[in-house]
Amino acid sequence: MSSSTVRSGGEVRPPRPVPPPAPGGGGAVTASPPSRGRRKKKKEAARQFRGLVSPQTLSTTHGKIIYWIVLVTVVVAFTAIFVFPLYWMVTGALKSPDELAQIPPSFFPHSLDFGVYAEAWDQLDLGTFLRNTVIYAAGAWLFTLAIDVTAAYALSKLRPVLGKLVLAGMLATLMIPPMVILLPAYLTVKDLPILGLNLLNTPWAIWLPAAANGFFIFLLKRFFDSIPRELLEAAEIDGAGPARILWSIVLPVSRPIIGVVSILSVVSVWKDFVWPLLVLPDSDKMSISVGISSLSAQMPQNVLMAALVIASIPAIVIFFVFQRSIMAGLTAGSLKG
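The numbers attached to residues start from 1 for each chain and follow its sequence in the written order. Local features are withheld for residues below a pLDDT of 70 in this predicted model, meaning they are given only at 70 or higher, and side-chain atom pairs are given and counted only at 80 or more; totals for whole chains, interfaces and linings count all residues. Values shown for side chains rest on all heavy atoms present in the structure; no hydrogens or waters enter the calculation.

Secondary structure elements follow DSSP: runs of H or I of four or more residues count as helices, runs of E of two or more count as strands, with numbering from the N terminus. The helix and strand tally for the protein chain stands at 16 helices and 2 strands. Burial status across the protein chain gives 29% buried among its 337 residues. Between two residues, a contact is recorded if the distance between any of their heavy atoms is within 4.5 Å. In the protein chain, 67% of the contacts between residues at least 6 apart in sequence involve partners at least 24 apart. Surface exposure of the protein chain reaches about 22400 Å², of which carbon and sulfur atoms provide 68%. The cut-offs for exposure are 20% and 50% of the maximum accessible area for each residue type, with area from a 1.4 Å probe on protein chains only; residues under the lower value are buried, those over the upper are exposed, and the others partly exposed. The protein chains shown are the only cover counted for residues, whose accessible areas, like all others here, come from Shrake-Rupley with a 1.4 Å probe.

Written out as structure tokens, the structure is:
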């Protein structure tokens, strides 16, 4: 029968209605399982939130309590590990020699004696050492900018014939431990090639090695690579030469990375100890770290710690003032855009 279906008991059942075909389709529409694209999106969404603790667990009260306990414990522990030596130095300067020598040590001074800082300033002649260190750091900063900026600009924009080979050689020096090149560098400073000059006990023994820094050249070159080439070509059309382009265009837009290189160069010279100890044996020419070390055997422990606090203040202040510039400059040339 075409219009109905007859069962064995004589009951007539109407035919099952057929859904109309979709517009533009040629047949009936049947239910289909979720597409492969939807399954892939669900898997990616699940993988995105996959971790040691699921988002559902963190949304509960018990999960939030555990999360904050772990976070606070880790932050406090790491902060204590890094800050405790500085705290011990500052509080140790305020203690008496007997209090410093007692066992077990006391974490807080019994009495605050700030006169120990004036005593350290006078007995160790910190004014002379600070003046010498400022001269060394300022000269190293100037020579670093003059040499490293021009070298990075030449490798990035001028592109000499053997530029890649020169850059590879500079980067290879970063793989060599500093102690390995200490003796060759000392012999070079003692008898400067070609000129035959002895640079010991002169600021040049600090300035020239500080300027020869492959890491600074690499940082500067990476930033210069991100400067659009069209900007330099427009300056060339206006008649600007390479030196004018560097001074008027490249340097103004490179202030973040130049600030980072400046801060790192000053701090590295300020806290350096081994190299100034070798090339500046004269007591009148010593940096502050070498000067304090040379007089440490003659000073009480609290006076020595007070001198170390005074020597650390400039570097700490520079870091806290320019820490945003440091982080911004280190990531400034990482992406082109």
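The next thing to look at is the pattern of salt bridges. Between Lys or Arg on one side and Asp or Glu on the other, a salt bridge is scored when a side-chain nitrogen of the former is within 4 Å of a carboxyl oxygen of the latter. Applying the stated criterion to the full structure yields 1 salt bridge. In this structure, K221 and D225 form a salt bridge, with 2.9 Å as the shortest nitrogen-oxygen distance. With K221 and D225 both in helix α10 (residues 214-225) and 4 residues apart, the pair spans about one turn of that helix. With a relative accessible area of 15%, K221 lands in the buried category. D225 sits in the buried class, given a relative accessible area of 19%.

Let us look at the packing of aromatic side chains. Pairing of aromatic side chains requires ring centres within 6.5 Å, counting the rings of Phe and Tyr and the six-membered ring of Trp. Pairs whose planes differ by under 30 degrees are stacked, by over 60 edge-to-face, and all others tilted. Per the stated rule, a full pass over the model turns up 9 aromatic pairs. Centre to centre, the rings of F143 and W204 are 5.3 Å apart; their planes meet at 70°, and the pair counts as edge-to-face. Taken together, the residues F143 in helix α6 (residues 126-158) and W204 in helix α9 (residues 204-211) connect sequence positions 61 residues apart. With a relative accessible area of 23%, F143 lands in the partly exposed category. Each residue in the set F84, Y87, W88 and F107 is aromatic and connected to the rest through ring pairs, giving one cluster. A positively charged side chain is recorded as over a ring if its NZ (Lys) or CZ (Arg) lies within 6 Å of the ring centre. The angle to the ring normal must also be within 35 degrees. Looking at K95, its charged tip hangs above the ring of W88, at a distance of 4.2 Å from the centre.

Residue types Ala, Val, Leu, Ile, Met, Phe, Trp, Tyr and Cys, when buried and joined through side-chain atoms within 4.5 Å, form a set referred to as a nonpolar core. Formed by 41 residues in total, the largest nonpolar core has its most connected members in Y117, I206, V279 and I292. The dominant element in this core, judged by the number of residues it contributes, is helix α16 (residues 301-330), at 8 residues. Excluding residues that lie within four positions of it along the chain, Y117 makes contacts with V90, A93, L94, A306, V309 and I310. Residues A152, L219, I227 and V261 belong to the second largest nonpolar core, which totals 23 residues.

Here we come to a nonpolar patch on the surface. Two joining distances apply to patches: 9 Å for like charges and 5 Å for nonpolar side chains (Val, Leu, Ile, Met, Phe, Trp, Tyr), and every residue must have over 30% relative accessible area and no salt bridge. Together, I66, V70, V74, F78, I81, F82 and V83 line one region of the surface with nonpolar side chains, adding up to about 690 Å² of accessible area. The class of V70 is partly exposed, set by a relative accessible area of 47%.

Along the polypeptide, L308 turns up in helix α16. According to the relative accessible area criterion, L308 is partly exposed, its value standing at 34%. Those residues in contact with L308, other than ones at most four positions away along the chain, are M89 and I292.

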